[in-house]
Amino acid sequence: MKKTVGIIGANGYTGSELIRLLAFHPHVTLSFLYSRSNSGTRISDLYPDLTTVCDQLLTDKTEEVDILFLCLPHKESQNWLTQNVVNEQTLVIDLGNDFRLEGNFGDRDFIYGLPEINKKQLIGSKSIANPGCFATAIQLGLLPLAEKGLLDEIFTTGITGSTGAGQSLQATTHFTWRNDNVSAYKTLTHQHVDEILHQLISYNNKEVNLNFVPWRGDFARGIFTSSTLKTDLELKEIEQLYQDFYAAEPFVTVSEKAIDLKQVVNTNRCVIQIEKSGNVAVIHAAIDNLLKGASGQAVQNMNIAMGWEENTGLNLKSIAF
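Residues numbered from 1 in each chain as written. Predicted model: local features only at pLDDT ≥ 70, side-chain atom pairs only at ≥ 80, totals over all residues. Heavy atoms only, no water.

**Q** Describe the overall build of the protein, listing the residues and the values that go with them.
**A** Each helix and strand counted, the protein has nine helices and 16 strands in total. Here the protein has a C-alpha radius of gyration of 19 Å; the compact-globule value for 321 residues is 20 Å, and the two agree. Here the C-alpha coordinates of the protein stretch approximately 60 × 45 × 35 Å along the principal axes. Put simply, of all contacts in the protein between residues at least 6 apart along the chain, 71% involve residues at least 24 apart. Counting every atom, the protein has about 14600 Å² of accessible surface; 49% of that belongs to carbon and sulfur. Where the 26 positive side-chain charges of the protein centre and where its 36 negative ones centre are 3 Å apart. (Helix = DSSP H or I, 4+ residues; strand = E, 2+ residues; numbered from the N terminus. Rg over C-alpha atoms; globule rule 2.2 N^0.38 Å. Contact = heavy atoms within 4.5 Å. Areas by Shrake-Rupley, 256 points an atom, 1.4 Å probe, with all protein chains shown as cover. Lys, Arg positive; Asp, Glu negative; His and termini not counted. Charge placed at Lys NZ, Arg CZ, Asp CG, Glu CD.)

Have a look at this one:
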């Protein structure tokens with residue numbers, strides 16, 4: 001029997017992306033799509049691409065389900081859980097940042113949902129905090145070095161598409177502003193820095209300094225990060241370290257060739273490439289911010305927690321042109 005799923009905040013980018021994935025997932029059925037602002041509207045009227053996929057009505061009513069996804073703006077998931085009763089046996093996956101650093105809420109202990117490091121803890125879990133998009137790309141690019149205690153000072157730049165800013169219209173998400181334009185934002189103060197350091201320091205077993213400059217790109221989706229650091233390891237040694245670390249991971253590929261964003265957009269994959277000159281190495285990592293950086297990773301976490309094959313419903317191919 002299929003498991004029932006509810007999505008809170010189904011009208012946003014991550015919520016609608018979940019619908020696209022779960023509509024074809026063999027083990028689940030969509031029970032309700034919750035949205036206060038668009039209750040009574042068909043989801044396919046908001047997103048015409050869903051016309052042949054899902055035409056359910058959005059609702060401001062909930063029902064008991066086996067799996068609940070919270071796709072709310074940051075800091076709103078905790079409020080929603082406080083105001084609504086959720087069965088303790090329901091698997092709750094939060095795509096916001098409410099529980100990434102402090103995972104306790106009542107009797108729920110949220111597990112940080114980066115499968116490449118927490119897979120064992122995710123199995124059978126009832127509460128999962130999905131990582132942030134930049135946090136996912138940067139951590140996947142640095143974790144193999146952190147495991148060996150090789151991280152000290154890191155300088156990272158990363159560029160993201162306009163969907164990373166959410167659905168609410170802002171001056172910097174207008175087409176006329178984004179088109180043919182690039183800008184830095186939240187320089188050295190991005191909200192994902194604490195999340196990244198929390199995980200890297202626990203792996204690295206010593207302090208790590210991360211200097212992160214995010215950029216807005218003139219494209220809709222995707223994240224490309226480049227982390228620069230010093231190391232005495234040879235390039236082949238670093239590449240072997242990464243190959244070994246990710247050998248059993250179905251969604252991470254280490255490439256010896258130059259990578260680009262189109263290799264991962266519309267997929268749940270992360271591709272990594274390493275370059276080195278002298279004692280300076282650069283770790284490039286690319287993901288789709290709405291998939292491996294959000295909804296795809298949430299489905300990956302659901303699969304692991306429920307005991308299903310990790311890649312179920314996620315065998316997606318990138319679009320080259």
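Now that the structure has been shown, we can carry on.
**Q** I'd like a description of the nonpolar core, backed by residues and values.
**A** One finds Leu145, Leu151, Tyr242, Tyr246 and Ile272 to be the most contacted residues of the largest nonpolar core, which totals 39 residues. Elements supplying a minimum of two residues to this core: helix 5 (133–147), helix 7 (192–204), strand 12 (209–216), strand 13 (223–230), helix 8 (235–245), strand 14 (252–255), strand 15 (270–277) and strand 16 (280–287). No other element matches the ten residues that helix 5 contributes to this core. The contact partners of tyrosine 242, leaving out residues within four places of it in the chain, are Leu140, Gly141, Leu142, Pro144, Leu145, Val254, Ile272, Ile274 and Ile283. Ranked by size, the runner-up nonpolar core spans 34 residues in total, among them Ile7, Leu95, Ala305 and Leu314. (Core = buried A, V, L, I, M, F, W, Y, C linked by side-chain atoms within 4.5 Å. Buried < 20%, exposed > 50% of the residue type's maximum accessible area, 1.4 Å probe, protein only.)

**Q** Before we move on, can you summarise the pattern of salt bridges with the specific residues and values?
**A** Oppositely charged side chains may form a pair once their charged atoms are brought near each other. Per the counting criterion, the structure on display carries twelve salt bridges. The partner of arginine 221 in a salt bridge is aspartate 288, and the shortest N-O contact between them spans 2.9 Å. Here arginine 221, found in the loop between strand 12 and strand 13, pairs with aspartate 288, found in the loop between strand 16 and helix 9 (295–306); they are 67 residues apart in sequence, far enough to count as distant. For the pair shown, arginine 221 and aspartate 288 are each scored as buried. Between lysine 236 and glutamate 239 there is a salt bridge; the shortest N-O distance is 3.7 Å. Taken as a pair, lysine 236 and glutamate 239 lie in helix 8 at a separation of three residues, close to a single helical turn. Under the relative-accessibility criterion, glutamate 239 is labelled buried at 7%. Put simply, Glu17, Arg20, Asp49, Arg221 and Asp288 are held in one network by salt bridges that share partners. (Salt bridge = Lys/Arg side-chain N within 4 Å of Asp/Glu carboxyl O.)

**Q** Summarise the packing of helix 5 against helix 7; cite the residues concerned and give the values.
**A** Contact geometry of helix 5 with helix 7 gives a least axis separation of 10 Å together with a crossing angle of 20 degrees. With respect to helix 7, the element helix 5 is oriented roughly parallel. Crossing handedness for the pair helix 5 and helix 7: right-handed. For the pair helix 5 and helix 7, the contacting residues are Cys133, Phe134, Ala135, Ile138, Gln139, Leu142, Leu143, Leu145, Ala146 and Glu147 in the first and His192, Glu195, Ile196, Gln199, Leu200, Tyr203 and Asn204 in the second. Among the residues forming the contact of helix 5 with helix 7, the class breakdown is eleven nonpolar, four polar and two charged. (Axes fitted to C-alpha atoms, helices over the stretch in contact; angles between N-to-C directions. Parallel < 35°, antiparallel > 145°, perpendicular 65-115°, else oblique. Left-handed = near helix turned anticlockwise from the far one by under 90°. Nonpolar A, V, L, I, M, F, W, Y, C, P; charged D, E, K, R; others polar.)

**Q** Residue-level account of the packing of aromatic side chains, with values.
**A** Here a ring pair, both rings aromatic, is described through the centre-centre distance and the interplanar angle of the planes. Enumeration according to the criterion identifies five aromatic pairs in this entry. Both rings, one in phenylalanine 99 and one in phenylalanine 105, keep their centres 5.8 Å apart while their planes meet at 65 degrees; by these two values the pair is edge-to-face. According to the relative accessible area criterion, phenylalanine 99 is buried, its value standing at 2%. Judged by centre distance (5.0 Å) and plane angle (75 degrees), the ring pair of phenylalanine 134 and phenylalanine 212 falls under edge-to-face. Of the two residues, phenylalanine 134 is situated in helix 5 and phenylalanine 212 in strand 12; the sequence distance between them amounts to 78 residues. One exposure class covers both phenylalanine 134 and phenylalanine 212, and it is buried. (Phe/Tyr/Trp six-rings, centres within 6.5 Å; stacked < 30°, edge-to-face > 60°.)

**Q** Explain helix 7 residue by residue, including any values.
**A** Between its first and last C-alpha atoms helix 7 spans 18 Å; for 13 residues at 1.5 Å apiece the expected length is 18 Å, and the two agree. Residues His192, Val193, Glu195, Ile196, Leu197, Gln199, Leu200 and Asn204 constitute the buried set of helix 7. In the core, the buried residues of helix 7 are packed alongside strand 8 (111–112), helix 4 (115–122), helix 5 and strand 12. Phi for asparagine 205, located one or two positions after helix 7, is positive at around 60 degrees. (Expected span 1.5 Å × (residues − 1).)

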